[in-house]
Amino acid sequence: MGLMYNVYLNCATIYGCKGCKTHLADHDDIISRNFRGQHGKAYLFNTVVNVDCGEPAERNMTTGRHVVRDILCRSCGQVVGWKYDKAYESSEKYKEGKFILEAELLCTVS
């Protein structure tokens, strides 16, 4: 496998990893702010960059059972949220393939 290069976002507000400030997401790509993670407030994104995914695991969440993967900052390895692989409830299917970033683990990069 070749070298991994970080993606640098060019937008007004960029969310980055709190530990190392690596670019993770564009503020304009937030789908919903109505989520909670282990550390409190969390945001649902359609796309994120510069992350690696962990192994899939089934988790019981407040909205039902899901198959999710932790997502880690590619630069420092800190867990910054999770990715939804599968939702068992039909009303939750819209989350499949989307990402959660926890606000407490993010910073605004200028």
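Note that the coordinates shown come from a computational prediction; the quantities given were computed from them, not determined experimentally. Sequence order as written defines the numbering, with residues in each chain counted from 1. Only residues with pLDDT of 70 or above have their local features reported here, since the model is predicted, and side-chain atom pairs are shown and tallied only from 80 upward, although totals for entire chains, interfaces and linings are computed over all residues. Hydrogens and water are ignored here; the side-chain numbers use all heavy atoms of the structure.

A. Fine view of the overall build of the protein. The helix and strand inventory of the protein stands at zero helices and 10 strands. The numbering of helices and of strands both runs from the N terminus, where a helix is a DSSP run of H or I of at least 4 residues and a strand a run of E of at least 2. Reading the protein from its N terminus to its C terminus gives the helix and strand order β-β-β-β-β-β-β-β-β-β. Each radius of gyration is computed over the set of C-alpha atoms, and the globule rule expresses the reference value as 2.2 Å times the number of residues to the power 0.38. A globule of 110 residues ought to have a C-alpha radius of gyration of about 13 Å, and the protein, at 14 Å, matches this closely. Along the longest, intermediate and shortest principal axes, the C-alpha atoms of the protein span 35 × 35 × 20 Å. Buried residues are those whose accessible area, probed at 1.4 Å on protein chains only, stays under 20% of the maximum for their type, while exposed residues exceed 50% and partly exposed ones sit between those limits. Put simply, the protein has 110 residues, and 40% of those count as buried. Two residues qualify as a contact provided that any one of their heavy atoms is within 4.5 Å of a heavy atom in the partner residue. Counted over contacts in the protein with a minimum sequence separation of 6, partners at least 24 positions apart contribute 45%. Accessible surface area values rest on a Shrake-Rupley calculation with a 1.4 Å probe, where residue burial reflects the displayed protein chains alone. As displayed, the protein has an accessible area near 6,400 Å², and 46% of this comes from carbon and sulfur atoms.

B. Broad picture of the side chain of Asp26. Tracing the sequence through the fold places Asp26 in strand E2 (residues 23-26). For the purpose of charge, His is not counted, nor are the chain termini; Lys and Arg are scored as positive and Asp and Glu as negative. When a carboxyl oxygen of Asp or Glu lies within 4 Å of a side-chain nitrogen of Lys or Arg, that pair is called a salt bridge. Although buried, Asp26 forms no salt bridge, and the nearest oppositely charged side chain, Arg33, lies 9.4 Å from it. A polar contact is formed between the side chain of Asp26 and the backbone nitrogen of Asp28, at a distance of 2.9 Å. Look past the residues within four positions of Asp26 in its chain and what remains in contact with it is Leu9, Cys11, Thr13 and Phe45. As used in this structure description, the phrase polar contact means that two N or O atoms lie within 3.5 Å; if the pair is within protein, one of them must be able to donate a hydrogen and the other to accept it, and residues adjacent in sequence are counted only when both atoms belong to side chains.

C. Fine view of the state of the cysteines. Cysteine sulfur atoms that pair up within 2.5 Å are treated as a disulfide. One pass over the structure, following the stated rule, counts zero disulfides. The thiol sulfur of Cys73 is not disulfide-bonded, and the nearest other cysteine sulfur, from Cys20, lies at 3.5 Å. For Cys73, a relative accessible area of 2% corresponds to the buried category. Its sulfur unpaired, Cys107 is 7.1 Å from the next cysteine sulfur, which belongs to Cys17.

D. Fine view of the sheet that holds strand E1 (residues 14-17). For two strands to pair, DSSP has to find at least two bridges joining them. Reading across the sheet, the three strands line up as E2-E1-E10 and stay open at both edges, with antiparallel pairing between neighbours. Each of the sheet's edge strands pairs with one partner strand only, and the pair in question is E2 and strand E10 (106-109). Neighbouring strand axes in the sheet, compared pairwise and without regard to direction, differ in orientation by 40 degrees on average. For E1 and E10, the ladder comprises four bridges, and the chain directions are antiparallel. By the bridge assignment, Tyr15 is partnered in E10 with Thr108. Fitting a line to C-alpha atoms yields each axis, with helices limited to the stretch in contact; the angle taken between N-to-C directions then spans 0 to 180 degrees.

E. Looking closely at the UniProt feature "domain: Yippee" (unreviewed entry) in the protein. UniProt positions are given in the numbering used here, feature names are shortened, and annotations may be inferred rather than shown by experiment. Within this numbering scheme, the UniProt entry marks residues 13-110 as carrying the feature "domain: Yippee" (unreviewed entry). Regarding residues 13-110, the helix share stands at 0% and the strand share at 58%, and the terminal C-alpha atoms are separated by 7 Å.

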